[in-house]
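Chains, contacts and geometry: an overview
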Amino acid sequence: MKCAYLFLIITIISLPVSLKAQWKRETGFSFGFTSPSYNKSSFSYGTPGIMLKVGTYQSWFQPDKRLTVRPEIGLSTDIFSFDYEDGGKATYSVHKGNIIAFNGGMAIMAQLKIFPGTTIAIGPSGKFLVTEIANASYEFDGGVLWPDLHYQSETNGFSRKYLNHPSIGIKVLLLQKNLNGKIKMGIIVDRQWKKEEEAYFHFSRTTEISIYLSLL
């Protein structure tokens, strides 16, 4: 799986060079949030919340064509701060801490000019964890059900789960060039699916919404 991701990244980077066409490279930046779809059966009172997200992207396209392929690679950071309590008199648990996750991503989108200065791109995308920094604690108390049971754990430092936790999804990018033609602004919506993980909190889907900015 890891080799497949590396091969796909190299393919995306080399695609504009290998094709005999006039390709334009675009560097973009984003800021937004990642909203996990939690397994609500795992939580009695609400859910832990959303993650802030910042990212940078490198993409290629043919500016003279109304319809063009738009390959893209990128790096993003999810910042998750939480102080979540769950349970009651029967059992009680507390999650506290911060997680900073560094992710790699890629997409191959079809880009269409729908109005002068306005384009929309849509296509399959993928995301994988490069590493993360965690400073988190977990406490469980058995309450009245198991009064003698009390458990605490801490997670600190870097994770070594390189290229793990892959997800696949679909990405939509709506772009509008400003009046002086030097800046592009837009909105990114990226829906991702992955295998549900046990670590931290249970979720198998995310919706990522960001503001996109690029300088031409």
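Residues numbered from 1 in each chain as written. Predicted model: local features only at pLDDT ≥ 70, side-chain atom pairs only at ≥ 80, totals over all residues. Heavy atoms only, no water.

What follows concerns the environment of K177. Here K177 lies in strand β7 (residues 164–177). Separated by 37 residues in the primary sequence, K177 and S214 place their C-alpha atoms 9.5 Å from one another. Leave out the neighbours within four places in its chain, and K177 touches G117, I183, K184 and L216. (Helix = DSSP H or I, 4+ residues; strand = E, 2+ residues; numbered from the N terminus. Contact = heavy atoms within 4.5 Å.)

A few words on the packing of aromatic side chains. Per the stated rule, a full pass over the model turns up two aromatic pairs. Ring plane angle 45 degrees and centroid distance 6.4 Å describe the contact between Y57 and Y212, whose orientation is recorded as tilted. Taken together, the positions of Y57 in strand β2 (residues 51–61) and Y212 in strand β9 (residues 203–215) put the pair 155 residues apart, joining distant regions of the chain. Like Y212, Y57 is buried. Geometrically, the ring pair formed by F80 and F82 is tilted, given 5.1 Å between the ring centres and 45 degrees between the ring planes. (Phe/Tyr/Trp six-rings, centres within 6.5 Å; stacked < 30°, edge-to-face > 60°. Buried < 20%, exposed > 50% of the residue type's maximum accessible area, 1.4 Å probe, protein only.)

On to the pattern of salt bridges, then. Where charged atoms of side chains with opposite charge meet at close range, the side chains can pair. Inspection of the entire model under this criterion finds six salt bridges. Between K53 and E208 there is a salt bridge whose closest N-O contact spans 2.4 Å. Residue K53 is located in strand β2, and its partner E208 is located in strand β9; the two are separated by 155 residues in the primary sequence. Given the relative accessible area of 4%, K53 is considered buried. Among the salt bridges present, the one from K127 reaches E208, with a minimum N-O distance of 2.7 Å. With K127 in strand β5 (residues 118–141) and E208 in strand β9, the pair connects residues that are 81 residues apart, well separated along the chain. As far as the burial class goes, K127 and E208 line up, both buried. Connected through salt bridges with shared partners, the residues K53, D78, K127 and E208 form a single ionic network. (Salt bridge = Lys/Arg side-chain N within 4 Å of Asp/Glu carboxyl O.)

Moving on, we come to the side chain of K53. Among the polar contacts listed, one links the side chain of K53 to the side chain of E208, at a separation of 2.4 Å. Among all residues touching K53, those that are not within four sequence positions of it are S30, F31, G32, F33, T34, S76, T77, D78, E208 and S210. (Polar contact = N/O pair within 3.5 Å; in protein donor to acceptor, adjacent residues only side chain to side chain.)

The next point concerns the confidence of the model for the protein. Considering every residue of the protein, the mean pLDDT works out to 80; 72% of them sit at 70 or more. The lowest-confidence element of the protein is helix α1 (residues 2–18), averaging 55 in pLDDT; the highest-confidence one is β2, averaging 94. (pLDDT = per-residue confidence, 0-100.)

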